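Analysis of the macromolecular model
One letter stands for each residue in the lines below.
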Amino acid sequence: MNDRLQRGVDRIQHLTCFTNPTRIDPISGGITNQNFSVSDGGKRYFVRLGDDIPIHGVMRFNELNASLAAARSGISPPVVHHEPGVLVLEFIEGQTLSAENFRDFGNVEKAVALVRDCHDRIALNLRGPVLMFWVFHVVRDYLATIQESNHRLSDIVPALKADNEMLEQAVGPMTPVFSHNDLLPGNFILDEKRMWLIDWDYAGFNSPLFDLGGFCTNNNIAGAEEETAVNLYLGRGMDSAERKSFEALKCASLLRETAWSMVSEVHSQIDFDYVAYTATNLEHFQESKERFRSHFG
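These remarks concern the structure in this document.

Criteria and thresholds
Residues numbered from 1 in each chain as written. Predicted model: local features only at pLDDT ≥ 70, side-chain atom pairs only at ≥ 80, totals over all residues. Heavy atoms only, no water. Helix = DSSP H or I, 4+ residues; strand = E, 2+ residues; numbered from the N terminus. Rg over C-alpha atoms; globule rule 2.2 N^0.38 Å. Buried < 20%, exposed > 50% of the residue type's maximum accessible area, 1.4 Å probe, protein only. Contact = heavy atoms within 4.5 Å. Areas by Shrake-Rupley, 256 points an atom, 1.4 Å probe, with all protein chains shown as cover. Expected span 1.5 Å × (residues − 1). Polar contact = N/O pair within 3.5 Å; in protein donor to acceptor, adjacent residues only side chain to side chain. Salt bridge = Lys/Arg side-chain N within 4 Å of Asp/Glu carboxyl O. Disulfide = S-S within 2.5 Å. Pairing = 2+ DSSP bridges. Axes fitted to C-alpha atoms, helices over the stretch in contact; angles between N-to-C directions. Left-handed = near helix turned anticlockwise from the far one by under 90°. Phe/Tyr/Trp six-rings, centres within 6.5 Å; stacked < 30°, edge-to-face > 60°. Lys NZ or Arg CZ within 6 Å of the ring centre and 35° of its normal.

**Comments concerning the overall build of the chain**
Counting its secondary structure elements, the chain contains nine helices and 10 strands. Taking 2.2 N^0.38 as the reference for a compact globule, 297 residues should give roughly 19 Å; the C-alpha atoms of the chain span a radius of gyration of 19 Å, in line with that estimate. Counting all 297 residues of the chain, 52% fall into the buried class. Long-range pairs, those at least 24 residues apart, make up 71% of the contacts in the chain with a sequence separation of at least 6. Accessible surface, the chain: about 13,700 Å² in total, of which carbon and sulfur atoms supply 51%.

Structure follows, in structure tokens:
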């Protein structure tokens, strides 16, 4: 067990919410936090360890308030305990999804309904301060950090800045809703009864079309399936202005993921292949941007 993992286990053993944690198992896959499954008193819990990450705009007060509101809304599991750098949730006995699971359109329908619930209900259950997540500001800040870090891909930053400004202008007016903003497949859990949405690191008020577009790009939902998902969310088809905004935000979602990974290459201490992740997302962004330009000029 490496030193960082051992420090995490030691911290969990001393949390006051546990009486006698008999099993503490690390959960792989976290690329922002340390995650653990903990057994205590015949029950199982999910523990996230992580401090503020200002370079990524991750502020734990915001994650906590979003997690509490999502639990009150029946969208995420209940919060059992929290303290600085620690969030303890009830453990969901279910399947953490992958993009492949969304080849089953029944799962797409469940996920779209859950995202709609997030947008409709969480703001009604929020307490305390929360952030706004405007993807174009996030990307601008990332690109400035990349330049300051003398990143191996610093030479492409001016072009990415221009792309970011072009896409922001294309979005047009929007009505913000409280959004998840990180709809990767692993943030959905499916149990025997229902689907859950977890991990509120990047939650904040945003255009609803950003979540919808991010869900499609992150889970390889395109063509007729994408159109059906959009219609399920809106209850109708998109008008031309919505379509342009949606397509711009899909591109922006991929640009944000690319820039996030580029920053993480330099600044993250998590054991993860960020270089490969950057390459994959940059390729997908460039393809998406060219499709956008071919349709909207």
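**A closer look at helix H3 (residues 105–121)**
Taking 1.5 Å as the rise per residue, H3 with 17 residues should run 24 Å; its terminal C-alpha atoms sit 24 Å apart, in good agreement. When H3 is considered as a whole, its buried residues turn out to be Phe-105, Asn-107, Val-108, Ala-111, Val-112, Leu-114, Val-115, Cys-118 and His-119. For H3, the elements touching its buried residues are strand E7 (177–179), strand E8 (188–190), strand E9 (195–197), helix H6 (208–218) and helix H7 (223–234). Between a side-chain oxygen at the N-terminus of H3 and the backbone nitrogen of Gly-106 the separation is 2.8 Å; the capping residue is Asp-104.

**Here's the deal with the pattern of salt bridges**
Two side chains with opposite charge may pair up if their charged atoms get near one another. Evaluated as defined, the whole model comprises 22 salt bridges. Note that Glu-265 is salt-bridged to Arg-152, the shortest N-O span being 2.8 Å. Note that Glu-265 is positioned in helix H8 (residues 240–267) and Arg-152 in the loop between helix H4 (135–148) and helix H5 (157–171), a separation of 113 residues in sequence. Residue Glu-247 pairs with Lys-250 through a salt bridge whose shortest N-O separation is 3.1 Å. With Glu-247 and Lys-250 both in helix H8 and three residues apart, the pair spans about one turn of that helix.

**Focus on the state of the cysteines**
This model, assessed by the stated rule, comprises zero disulfides. Summary of cysteine pairing: Cys-118 is not part of a disulfide, and the nearest cysteine sulfur, belonging to Cys-216, is at 15 Å. The thiol sulfur of Cys-251 is not disulfide-bonded, and the nearest other cysteine sulfur, from Cys-216, lies at 13 Å. According to the relative accessible area criterion, Cys-251 is buried, its value standing at 1%.

**What about the sheet that holds strand E1 (residues 23–27)?**
Ordered in space as E1-E2-E3-E5-E4, the five strands form an open sheet in which the pairing is antiparallel. The strands lining the two open edges of the sheet, one partner per strand, are E1 and strand E4 (79–83). Sheet twist, expressed as the mean angle between neighbouring strand axes with direction ignored, is 20°. Examined bridge by bridge, strand E3 (residues 43–49) and strand E5 (residues 86–90) share five bridges and lie antiparallel to one another. Its bridge partner lying in E5, Val-47 is registered against Val-88. Sitting on the sheet, helix H1 (residues 3–13) touches E1, strand E2 (34–40), E3, E4 and E5, and the angle it makes with E2 is about 40°. Against the sheet, helix H2 (residues 60–72) makes contact with E3, E4 and E5, and its axis sits at roughly 165° relative to E4, the strand it touches most.

**Some points on the side chain of Asn-62**
Its place among the elements puts Asn-62 in helix H2. Excluding its chain neighbours within four sequence positions, the residues that come into contact with Asn-62 are Val-130, Leu-131, Asp-201 and Ala-203.

**Observations regarding unusual backbone geometry**
Comment: phi is negative for the bulk of residues other than glycine, and the bulk of peptide bonds are trans. The residue Asn-181 is not glycine, and still its phi comes out positive at about 75°. With respect to the helices, strands and loops of the structure, Asn-181 is situated in the loop between E7 and E8. You can call Asn-181 buried: its relative accessible area is 1%. For Asn-220, which is not a glycine, the phi torsion comes out positive at approximately 55°. Examined against the element boundaries, Asn-220 turns out to sit in the loop between H6 and H7. A relative accessible area of 51% means that Asn-220 is categorised as exposed.

**Brief notes about the sheet that holds E8**
The strand order across the open sheet formed by three strands is E6-E8-E9, and the pairing between neighbours is antiparallel. Each edge of the open sheet is held by one strand with a lone partner, namely strand E6 (95–96) and E9. Across the sheet, H3 touches E8 and E9, and the angle it forms with E9 is around 45°.

**Some details on the packing of H7 against H8**
The contact between H7 and H8 brings their axes to 14 Å, and the two run at 115°. Of the two possible hands of crossing, H7 and H8 adopt the one that is right-handed. Residues Glu-226, Glu-227, Val-230 and Leu-234 of H7 form the contact with H8, whose participating residues are Glu-242, Arg-243, Phe-246, Glu-247 and Lys-250.

**Some points on the packing of aromatic side chains**
Under the defined criterion, the tally for this structure stands at 12 aromatic pairs. Between Phe-188 and Phe-215, the ring centres sit 5.7 Å apart and the planes meet at 70°, which makes this aromatic pair edge-to-face. Of the two residues, Phe-188 is situated in strand E8 and Phe-215 in helix H6; the sequence distance between them amounts to 27 residues. By relative accessible area, Phe-188 is classed as buried at 0%. Taken together through their ring pairs, the aromatic side chains of Trp-260, Phe-272, Tyr-274 and Tyr-277 make up a single cluster. Between the NZ or CZ atom of Arg-44 and the centre of the ring of Phe-91, over which it lies, the distance is 3.8 Å. Here the guanidinium or amino end of Arg-194 rests over the ring plane of Trp-196, the centre of that ring lying 3.7 Å away.

Geometric descriptors of this kind do not, in isolation, establish any biological role.
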